[in-house]
Amino acid sequence: MSNQHLIALDLDGTLLTDQKTISSRSKEVINKARDAGHIVVISTGRPYRASMQYYHELQLDTAIVNFNGAFTHHPKDSSFGTYHSPLDLNTAKTVIETCEAFDVSNIMVEVIDDFYLRYFDKVFVDTFTAGSSPVDHGNLLHILRDDPTAILIHPNERNEKQLRDLIKDAHAEVIDQRTWGAPWNVIEIVKAGMNKAVGLKKVSDFYGIPRDRIIAFGDEDNDFEMIEFAGQGVAMENGIDALKNLANATTKSNEEDGIALYLEEALNL
């Protein structure tokens, strides 16, 4: 079809309701879009293991962007290739040393779909790991052997800003730093230059869809580059103000089927 679009969906706060489910209305409209020939992809900060349930629930057969672009692959087509851009191990260990000095609540280090914890915490594990168990936990400086895809830091609120500033000042050229939205106060570290737009470009190139026929939905600061890259960058009503100011349009919230409402009108579904 001449007007085939690529639809990129962030998960948390965007496609997912506050209960971390996909509404029946969203599923219905996404299926209509696919039946009409459009391509739907997930683009998330989550690892694949924590997003694959939604990939399967939507019955997708497309590439997926994980870790905010640091890991992009196609679960069902090896010809797409696998793109993994991890942090340098020595840089990661220096960041971890800084966190140790700030007495952070916890640190999780991700290596594609494996993860390691500084302190084993069942609530933390259940929240962030989709029921998986860590490969190991304890002194990460001794445990880690591979370049990590991402580092998640749960700081103490009293010195979060100081920690963020110190990490940024020390490693600005080699890392990118993001914050997660409520209810979890998390600092995410990935390799510099990694963002959802990087992964989405690989996906759009693979399917031969130009930027002006990309529709991307997001709500947080890790969606900035993707929203800017897409021909139609759409912010959720529940999203941060900075993203809504950047976006081409704002749709209803994740609790009000904002994606479905926008796609119905934009694609005449």
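These numbers were taken from a predicted model, which means no experiment stands behind them.

What counts and what doesn't
- Residues numbered from 1 in each chain as written.
- Predicted model: local features only at pLDDT ≥ 70, side-chain atom pairs only at ≥ 80, totals over all residues.
- Heavy atoms only, no water.
- Domains from an automatic or database assignment.
- Contact = heavy atoms within 4.5 Å.
- Buried area = accessible area lost by both parts, 1.4 Å probe.
- Salt bridge = Lys/Arg side-chain N within 4 Å of Asp/Glu carboxyl O.
- Polar contact = N/O pair within 3.5 Å; in protein donor to acceptor, adjacent residues only side chain to side chain.
- Nonpolar A, V, L, I, M, F, W, Y, C, P; charged D, E, K, R; others polar.
- Patch = residues over 30% accessible without salt bridge, like charges linked within 9 Å, V, L, I, M, F, W, Y side chains within 5 Å.
- Areas by Shrake-Rupley, 256 points an atom, 1.4 Å probe, with all protein chains shown as cover.
- Lys, Arg positive; Asp, Glu negative; His and termini not counted.
- Charge placed at Lys NZ, Arg CZ, Asp CG, Glu CD.
- Helix = DSSP H or I, 4+ residues; strand = E, 2+ residues; numbered from the N terminus.
- Buried < 20%, exposed > 50% of the residue type's maximum accessible area, 1.4 Å probe, protein only.
- Core = buried A, V, L, I, M, F, W, Y, C linked by side-chain atoms within 4.5 Å.
- Pairing = 2+ DSSP bridges.
- Axes fitted to C-alpha atoms, helices over the stretch in contact; angles between N-to-C directions.

### Some details on the domain arrangement of the protein chain
- For the protein chain, the domain assignment lists domain 1 (6-84 + 194-267) and domain 2 (89-191).
- The interface of domain 1 with domain 2 comprises 17 residues on the first partner and 19 residues on the second.
- Buried area between domain 1 and domain 2, summed over both chains or domains, comes out near 1500 Å², and the portion from carbon and sulfur atoms is 48%.
- Our count for the domain 1 to domain 2 interface comes out at 2 salt bridges.
- Between Glu 225 and Arg 178 there is a salt bridge whose closest N-O contact spans 2.8 Å.
- Where domain 1 packs against domain 2, one counts 8 residue pairs in polar contact (both at pLDDT 80 or more).
- Looking at the side of domain 1 that touches domain 2 residue by residue, the classes come out as 8 nonpolar, 5 polar and 4 charged.

### A closer look at a negative patch on the surface
- Where like charges cluster on the molecular surface, the negative patch consists of Asp 18, Glu 237, Glu 255 and Glu 256.
- Among the structural elements, Glu 237 can be located in the loop between β13 (232-236) and α10 (241-246).
- Its relative accessible area of 38% is what places Glu 237 among the partly exposed residues.

### Things to note about the environment of Leu 163
- Topologically, Leu 163 is positioned in helix α7 (residues 160-171).
- A sequence separation of 65 residues divides Leu 163 from Thr 98, and the C-alpha atoms of the two residues are 7.9 Å apart.
- Leu 163 has contacts with Thr 98, Cys 99, Phe 102, Val 104, Ile 153, Pro 155 and Ile 187, leaving out every residue within four places of it along the chain.

### Comments concerning the nonpolar core
- Core analysis: the largest hydrophobic core is formed by 26 residues, its most contacted members being Ile 7, Leu 9, Leu 15, Phe 217 and Leu 263.
- For this core, the secondary-structure elements that each account for two or more residues are β1 (6-9), α1 (11-15), α2 (24-35), β2 (39-43), α3 (52-57), β12 (214-218), β13 and α11 (258-266).
- Per element, the largest residue contribution to this core is 4 residues, and it comes from α11.
- In this structure Ile 7 touches Ala 33, His 38, Ile 39, Val 40, Val 41, Ile 215, Phe 217, Leu 263 and Leu 267, once residues within four positions along its chain are discounted.
- In terms of nonpolar packing, the next biggest core, distinct from the first, is built from 22 residues, Phe 102, Ile 107, Leu 144 and Ile 151 among them.

### Comments concerning unusual backbone geometry
- Backbone geometry at Asn 68 places phi at a positive 55°, although glycine is not the residue there.
- Inspection of the secondary structure assignment puts Asn 68 in the loop between β3 (64-66) and β4 (71-73).
- Positive phi values are uncommon outside glycine, yet Asp 103 reaches one of about 55°.
- Along the chain, Asp 103 falls in the loop between α4 (89-101) and β6 (106-111).
- Judged by relative accessible area, Asp 103 falls into the partly exposed class, the value being 47%.

### Section: the sheet that holds β4
- Within the open sheet, the 8 strands sit side by side as β5-β4-β3-β2-β1-β12-β13-β14. Their pairing is mixed. One side of each edge strand has no neighbouring strand; the edge strands of this open sheet are β5 (83-84) and β14 (249-251).
- Here β1 runs beside β2; their pairing, made up of 4 bridges, is parallel. The residue of β2 that forms the bridge with Ala 8 is Val 41.
- Relative to β12, α11 is tilted by about 160°, and along the sheet it contacts β1, β12, β13 and β14.

### Here's the deal with the pattern of salt bridges
- For the structure on display, the rule yields 14 salt bridges.
- Of the charged contacts in the structure, one is a salt bridge between Glu 57 and Lys 27, with a shortest N-O distance of 2.8 Å. Here the residue Glu 57 occupies a position in helix α3, and Lys 27 occupies one in helix α2, the gap between them amounting to 30 residues.
- Assessed through its relative accessible area of 26%, Lys 27 is described here as partly exposed.
- Beyond isolated ion pairs, a larger network of salt bridges with shared partners links Asp 10, Lys 196 and Asp 223.

### Focus: the environment of Ala 216
- Structurally, the position occupied by Ala 216 is in strand β12.
- Residue Ala 216 is classed as buried on the basis of its relative accessible area, which comes to 0%.
- Between the C-alpha atoms of Ala 216 and Ser 78, which are 138 residues apart in sequence, the distance is 24 Å.
- Ignoring any residue separated from it by four or fewer positions in sequence, one finds Ala 216 in contact with Ala 8, Met 226, Ile 227, Ala 230, Gln 232, Gly 233 and Val 234.

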